[in-house]
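Next come the chains, spelled out residue by residue.
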2 protein chains.
Amino acid sequence: MRISTRGQYGLRAMCRLVLLQRAGGSGPVSLRDIAEKEDISSQYLEQLFRGLRGAGLVESVRGAKGGYILARPPEEISVADILRAVEGPIAPVECVESDSVDACCDRKDYCMTREAWIRLRDSMVETLDSINLADLCKPGELGRGSTC
Amino acid sequence: MRISTRGQYGLRAMCRLVLLQRAGGSGPVSLRDIAEKEDISSQYLEQLFRGLRGAGLVESVRGAKGGYILARPPEEISVADILRAVEGPIAPVECVESDSVDACCDRKDYCMTREAWIRLRDSMVETLDSINLADLCKPGELGRGSTC
DNA sequence: ATATATATGACTATTTTACTCAGATATCTA
DNA sequence: TAGATATCTGAGTAAAATAGTCATATATAT
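Residues numbered from 1 in each chain as written. Chains lettered and ligands numbered in written order. Predicted model: local features only at pLDDT ≥ 70, side-chain atom pairs only at ≥ 80, totals over all residues. Heavy atoms only, no water.

### Digging into the pattern of salt bridges
Then, in step 1: In the structure shown here, the tally under the stated rule is 18 salt bridges over all chains.
Then, in step 2: In this structure, Glu-38 of chain A and Arg-12 of chain A form a salt bridge, with 2.9 Å as the shortest nitrogen-oxygen distance. With a gap of 26 residues between them, Glu-38 of chain A in helix α2 (residues 31-38) and Arg-12 of chain A in helix α1 (residues 5-23) connect regions that are remote in the sequence.
Then, in step 3: The shortest N-O distance in the salt bridge between Glu-115 of chain B and Arg-119 of chain B comes to 3.5 Å. (Salt bridge = Lys/Arg side-chain N within 4 Å of Asp/Glu carboxyl O. Helix = DSSP H or I, 4+ residues; strand = E, 2+ residues; numbered from the N terminus.)

### Overview of the protein's contact with DNA strand D
Then, in step 1: The environment of DNA strand D is made up of 24 residues, and the closest members are Ser-41 and Arg-62 of chain A together with Leu-31, Ser-60 and Tyr-68 of chain B.
Then, in step 2: Per the 4 Å cut-off to the protein, sugar and phosphate atoms form 56% of the nearby atoms of DNA strand D.
Then, in step 3: Within the side chain of Arg-62 of chain A, one N or O atom sits 2.8 Å away from a base oxygen of DNA strand D.
Then, in step 4: Among the secondary structure elements, those contributing two or more residues to the surface near DNA strand D are α1 and α3 (42-54) of chain A together with α2 (31-38), α3 (42-54), β1 (58-61) and β2 (67-70) of chain B.
Then, in step 5: Its residues assigned to classes, the surface near DNA strand D comprises seven nonpolar, ten polar and seven charged. (Near = heavy atom within 4 Å. Polar contact = N/O pair within 3.5 Å; in protein donor to acceptor, adjacent residues only side chain to side chain. Nonpolar A, V, L, I, M, F, W, Y, C, P; charged D, E, K, R; others polar.)

### Digging into the packing of helix α5 (residues 111-129) of chain A against helix α5 (residues 111-129) of chain B
Then, in step 1: Between α5 of chain A and α5 of chain B, whose axes approach to 9 Å, the crossing angle comes to 155°. With respect to their mutual orientation, α5 of chain A and α5 of chain B come out roughly antiparallel. Crossing of α5 of chain A against α5 of chain B: the hand is right-handed. For the pair α5 of chain A and α5 of chain B, contact is made by Arg-119, Leu-120, Ser-123, Met-124, Thr-127 and Leu-128 of chain A and by Arg-119, Leu-120, Ser-123, Met-124, Thr-127 and Leu-128 of chain B, respectively.
Then, in step 2: Here the residues of the contact of α5 of chain A with α5 of chain B are counted per class, giving six nonpolar, four polar and two charged. (Axes fitted to C-alpha atoms, helices over the stretch in contact; angles between N-to-C directions. Parallel < 35°, antiparallel > 145°, perpendicular 65-115°, else oblique. Left-handed = near helix turned anticlockwise from the far one by under 90°. Contact = heavy atoms within 4.5 Å.)

### Looking at the interface of chain A and chain B
Then, in step 1: Listed by partner, the interface residues are 44 residues for chain A and 44 residues for chain B.
Then, in step 2: For the pair chain A and chain B, the summed buried surface comes to about 3900 Å²; carbon and sulfur atoms form 65% of the total.
Then, in step 3: Together, Met-1, Arg-2 and Met-112 of chain A form the three largest contributors to the area buried by chain A at its contact with chain B, with a combined 21%.
Then, in step 4: For the salt bridge of Glu-97 of chain B with Arg-2 of chain A, the shortest nitrogen-to-oxygen distance reads 2.5 Å.
Then, in step 5: Looking at the side of chain A that touches chain B, the elements that each hand over two or more residues are α1, α2, α4 (79-87) and α5 of chain A.
Then, in step 6: Here the side of chain A that touches chain B takes twelve residues from α5 of chain A, the largest share from any one element. (Buried area = accessible area lost by both parts, 1.4 Å probe.)

### Focus: the relation of the copies chain A and chain B
Then, in step 1: Superposition of chain A onto chain B requires a rotation of 180° combined with a translation of 0.0 Å along the rotation axis, giving an RMSD of 0.1 Å. Viewed as a symmetry operation, the transformation between the two copies matches a two-fold axis.
Then, in step 2: Most of the interface of chain A is mirrored in chain B: 100% of its interface residues are interface residues there too. (Least-squares fit on C-alpha atoms with pLDDT ≥ 70 in both.)

### What to know about the pairing of β1 of chain B
Then, in step 1: As paired elements, β1 of chain B and β2 of chain B share four bridges and run antiparallel to each other. Considered in β2 of chain B, the bridge of Ser-60 of chain B is made with Tyr-68 of chain B. (Pairing = 2+ DSSP bridges.)

### Brief notes about the packing of α1 of chain A against α5 of chain B
Then, in step 1: Here α1 of chain A crosses α5 of chain B at 130°, and the two axes come no closer than 10 Å. As judged from the angle between their axes, α1 of chain A and α5 of chain B are oblique. Note on packing geometry: the crossing formed by α1 of chain A with α5 of chain B is right-handed. Touching Gly-7, Gln-8, Leu-11, Arg-12, Cys-15 and Leu-19 of chain A of α1 of chain A are Met-112, Thr-113, Ala-116 and Trp-117 of chain B, all from α5 of chain B.
Then, in step 2: Along the lines of polarity and charge, the residues of the contact of α1 of chain A with α5 of chain B split into six nonpolar, three polar and one charged.

Here it is as structure tokens:
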């Protein structure tokens with residue numbers, strides 16, 4: 001029951017993008033800078049940013065001095081958005097990826113446990129929808145959101 | 001972000017144990033019967049029931065006519081109990097297995113994302129604590145909880 | 001031109017998962 | 001007491017997922 005490193009790195013990278021963008025004017029932020037600050041391989045970040053770009057969370061600027069910028073303000077990008085972009089659907093088991101019962105397995109009594117998984121999924125989605133990048137990058141007493 | 005088959009099978013097996021116990025008098029239920037109804041290898045179930053027994057959720061009766069019985073009434077066994085028994089701690093990332101910040105990583109800014117993982121963990125635990133075996137095994141309009 | 005950066009597809013080592021196997025121990029029934 | 005039935009325990013293994021790399025193409029600033 002773990003978030004993969006894709007999800008963990010993806011969220012860290014997006015937070016870092018917020019900080020670097022905030023600190024460095026209006027230009028795009030390179031993966032090289034994010035990679036250095038977050039100590040993540042920039043090649044791996046490239047892979048993750050494919051997903052983030054595909055989901056419309058960031059926009060890219062190619063070429064020298066290029067990089068990435070947030071496609072929307074941090075307040076409008078939720079943790080759920082990011083996880084879905086790099087990890088796929090938020091669902092504890094395959095059979096509750098959609099609400100359709102037909103898409104589920106063929107066991108007569110599948111419903112016995114499905115109930116539990118649906119409730120778990122819904123609470124996860126609700127929580128992750130309610131947290132956005134601005135929340136996480138707010139400077140606090142421990143200096144979080146201000147390290148750059 | 002998936003529950004492993006250990007968790008899925010573990011929950012199904014426990015639900016089935018409730019049903020078979022309810023149907024079959026007061027004696028213990030063999031893994032063979034659970035395995036047959038749920039279409040899970042009984043050898044795999046043995047492995048899972050090690051964990052369930054270790055966590056005090058079931059009691060075993062060895063020898064012929066032996067098997068397992070619930071250690072507590074179904075109302076007092078939560079889905080969280082079962083998942084913890086077969087899968088380990090409920091935590092989306094390693095660093096929030098405990099609430100101690102010291103047990104976390106050594107990044108200066110770990111807190112930026114830790115906040116999100118803690119909230120996710122708490123909502124997962126709250127939800128899974130709130131569902132018990134009696135809830136899942138209640139007979140309903142679709143016949144769930146009554147297939148035996 | 002050249003350096004810098006993203007874009008894309010494929011590839012690989014490692015780890016985790018999902019099981020299986022063999023043999024020991026306990027208990028009921030005949 | 002013999003035999004059948006179950007749990008108990010440790011170890012082993014094939015397949016799948018994860019985590020990360022590599023090579024190469026393309027775009028843009030200086």
